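Spelled out from the first residue to the last, the chains are:
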Amino acid sequence: MKRKHLLTRRTAIITGLGSLGGLLLPGCSKKLPPTYGNLLRMGDALTYVAQRSLLPGQSLAKEYGHHELSSFPATGTTNPADKSTPTFSEAYSRLNTSTFSDWRLSVEGKVAKPGLYSLDDLQQFPARTQITRHNCEEGWSAIGEWTGVPLTLLLHHAGILSTARFVNFYAYDGYMESIDMLDALHPQTILAYAMNGSSLPLPHGAPLRLRVERQIGYKSVKYLQRIVVSDEFVDMGDSGWSWYTGI
Ligand SMILES: Nc1nc2c(c(=O)[nH]1)N[C@H]1C(S)=C(S)[C@@H](COP(=O)(O)O)O[C@H]1N2
Ligand SMILES: [Mo]
């Protein structure tokens, strides 16, 4: 998996103010993304706090028309059922063989009713369809149409607790990412089971992937297995990418 350092000019400029972030936020260390002792990363925490306090949290990412759909490459893991790759998953391979009829999404953590959801269960929720631009940190972008269940509906169905702060996503290829509640409850944050009007193709994350339209591409976790709601930031290690890259 290719993982690159994302150093935007904005991050670099704000770095000088980074230590201020710590001063402004006494006692908040477990509620903020980690910096791994990296000076540049200290700017991330301040960027995050500044954006979250200054920008309207629920503004929508631009949506496009059907005539604007583009070709859409698949990157990162493109097949966890492929034995010859390092991201091979025996469990995923079995599920794929039975066209995901036995696949279940586990929703756990800070929810009153942890549970397992089949694709059919998820398709019972009111669906949202959106045509959006995917922006990968590696410099490409593509426009696709996504249909799925708004994450907010699923979280409320599972009885999300008032102490919840983050939602963590775990995939069959070992990939994991997390988002905060503002992104989790955002109307365009959906668990997509269809792309461009057909069921989600395997290279794009079958049977279910996350779409977080106000974040860079790597937050949109493919091949979902488990969602864990937490009241503290869960450190998944240094991916080499900033934890928060709102767009
Ligand atoms: N499970 C999983 N999800 C993932 C990745 C991955 O490697 N594995 N790559 C991420 C990155 S960096 C991007 S740009 C998008 C790519 O989605 P696509 O293959 O549908 O273009 O998926 C994201 N989600
Ligand atoms: Mo990406």
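Please refer to the structure placed before this passage.
Now for a quick tour of the structure. (Residues numbered from 1 in each chain as written. Chains lettered and ligands numbered in written order. Predicted model: local features only at pLDDT ≥ 70, side-chain atom pairs only at ≥ 80, totals over all residues. Heavy atoms only, no water.)

**Observations regarding the layout of surface pockets**
Piece 1. Put simply, the largest pocket is a space of about 390 Å³.
Piece 2. Looking at the largest pocket, it is lined by 25 residues, and the ones nearest its centre are T75, G76, T77, Y175 and K222. (1 Å grid on protein atoms, 1.4 Å probe; cavity = no way out; pocket = protein on both sides within 12 Å on 5 of 7 lines; lining within 4 Å. Points joined across faces, edges and corners; volume = space filled by probe spheres on them.)

**A few points about the environment of P150**
Piece 1. Within the secondary structure, P150 is located in strand β4 (residues 141–150).
Piece 2. On the basis of relative accessible area, P150 is assigned to the buried category, the value being 11%.
Piece 3. Separated by 40 residues in sequence, P150 and I190 place their C-alpha atoms 4.2 Å apart.
Piece 4. Excluding its chain neighbours within four sequence positions, the residues that come into contact with P150 are P126, R128, T189 and I190. (Helix = DSSP H or I, 4+ residues; strand = E, 2+ residues; numbered from the N terminus. Buried < 20%, exposed > 50% of the residue type's maximum accessible area, 1.4 Å probe, protein only. Contact = heavy atoms within 4.5 Å.)

**Examining the nonpolar core**
Piece 1. In this structure, W103, L105, L122, L154, F169 and L191 are the most contacted members of the largest nonpolar core, which totals 43 residues.
Piece 2. When sequence neighbours within four positions are dropped, the list of residues in contact with L122 reads W103, L105, Y117, V149, L154, Y193 and L208.
Piece 3. The next biggest cluster of nonpolar side chains, apart from the first, holds seven residues, and it includes F72, A142, I190 and L200. (Core = buried A, V, L, I, M, F, W, Y, C linked by side-chain atoms within 4.5 Å.)

**Examining the site of ligand 1**
Piece 1. The environment of ligand 1 is formed by 23 residues, the closest being P73, D173, H204, R209 and K222.
Piece 2. P73 is positioned such that a nitrogen or oxygen atom in its backbone is 2.7 Å from an oxygen atom of ligand 1.
Piece 3. Here a nitrogen atom of ligand 1 sits 2.7 Å away from a polar atom, N or O, in the side chain of D173.
Piece 4. Relative to its unbound accessible surface of 530 Å², ligand 1 loses 98% to contact with the protein.
Piece 5. The cavity that encloses ligand 1 is the largest pocket.
Piece 6. The residue inventory of the shell around ligand 1, partitioned by class, reads 12 nonpolar, seven polar and four charged. (Near = heavy atom within 4 Å. Polar contact = N/O pair within 3.5 Å; in protein donor to acceptor, adjacent residues only side chain to side chain. Areas by Shrake-Rupley, 256 points an atom, 1.4 Å probe, with all protein chains shown as cover. Sits in = over half its atoms within 2 Å of the grid points. Nonpolar A, V, L, I, M, F, W, Y, C, P; charged D, E, K, R; others polar.)

**Looking at the packing of aromatic side chains**
Within a pair of aromatic rings, the relevant descriptors are the distance that separates the centres and the angle that separates the planes.
Piece 1. One pass over the full model with this rule turns up nine aromatic pairs.
Piece 2. Each ring, one from Y92 and one from Y223, has its centre 5.4 Å from the other, and the planes form 85°; the classification is edge-to-face. Of this pair, Y92 sits in helix α4 (residues 90–97) while Y223 sits in the loop between β9 (209–211) and β10 (224–230), and the two are 131 residues apart along the sequence.
Piece 3. Among the aromatic side chains, those forming a connected cluster through ring pairs are Y92, F100, Y172 and Y223.
Piece 4. Lying over the aromatic face of Y64, K62 brings its terminal NZ or CZ to 5.0 Å of the ring centre.
Piece 5. For R226, the ring lying beneath its charged end belongs to Y170, and the centroid distance is 4.5 Å. (Phe/Tyr/Trp six-rings, centres within 6.5 Å; stacked < 30°, edge-to-face > 60°. Lys NZ or Arg CZ within 6 Å of the ring centre and 35° of its normal.)

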